[in-house]
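# Structural overview
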Amino acid sequence: DEERPLPFDDASFDAVLSSGSLHWVNDLPGALREVRRVLRPDGVFIGALAGAGTLGELQYCRRPARGRGIERRRPGVRVAARAGLAAAEEERTGGVAPRCSPAARLADCGQLLHQAGFRLLTVDVERV
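Below you will find a few notes about this structure. (Residues numbered from 1 in each chain as written. Predicted model: local features only at pLDDT ≥ 70, side-chain atom pairs only at ≥ 80, totals over all residues. Heavy atoms only, no water.)

Okay, the overall build of the protein next. Of the regular secondary structure elements, the protein holds four helices and four strands. When the helices and strands of the protein are read in sequence order from the N terminus, they spell out β-α-β-α-β-β-α-α. Looking at the protein residue by residue over its 128 residues, the buried ones come to 23%. Expressed as a percentage of contacts within the protein between residues at least 6 apart in sequence, the contacts between residues at least 24 apart total 58%. (Helix = DSSP H or I, 4+ residues; strand = E, 2+ residues; numbered from the N terminus. Buried < 20%, exposed > 50% of the residue type's maximum accessible area, 1.4 Å probe, protein only. Contact = heavy atoms within 4.5 Å.)

Our next topic: the pairing of strand β1 (residues 13–19). Sheet analysis places β1 next to strand β2 (residues 39–48), joined by six bridges and oriented parallel. Across the sheet, the residue bridging to V16 is F45, located in β2. What joins β1 to β2 is helix α1 (residues 28–38), and the crossover it makes is right-handed. (Pairing = 2+ DSSP bridges. Right-handed = clockwise from strand over helix to strand, strands pointing away.)

Turning to the packing of aromatic side chains, a few remarks are in order. Within the structure shown, the criterion is met by two aromatic pairs. Ring geometry for F8 against F13: centres 4.9 Å apart, planes inclined by 90°, an arrangement best described as edge-to-face. Residue class for F8 comes out partly exposed when judged on its relative accessible area of 40%. (Phe/Tyr/Trp six-rings, centres within 6.5 Å; stacked < 30°, edge-to-face > 60°.)

With that settled, the discussion passes to unusual backbone geometry. Even without glycine at this site, A11 takes up a positive phi of about 50°. With a relative accessible area of 34%, A11 lands in the partly exposed category. If you check the backbone angles, L120 has positive phi at about 55° while not being a glycine. A relative accessible area of 86% means that L120 is categorised as exposed.

Honestly, it's all geometry; don't read function into it.
This is the structure in structure tokens:
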């Protein structure tokens, strides 16, 4: 349960690794503060998460279609519009739900780490 403090003493780890789970945390600033709390002063945190722009096609699926059902999202990439699914979901539930969680931008990640007390930051992006 990410809403609770980590069950470890302050400054009890040399390193903390989080790979592919932080983007599901509801309170990312709080989780980062907890990671910083359990790290020793010279400890290392390595984290990987899905950032802004990840799975943009799924985020697009909730938007209404334009034209003939095909919309250009960026040069060379076509995404089939899901107007029929969106319309059916809206009719049955009264709205259209997003298909993926909100994602942090690169600059936001650096700012969140700094606010959590991390220093000597390196924040990077890997596009796959």
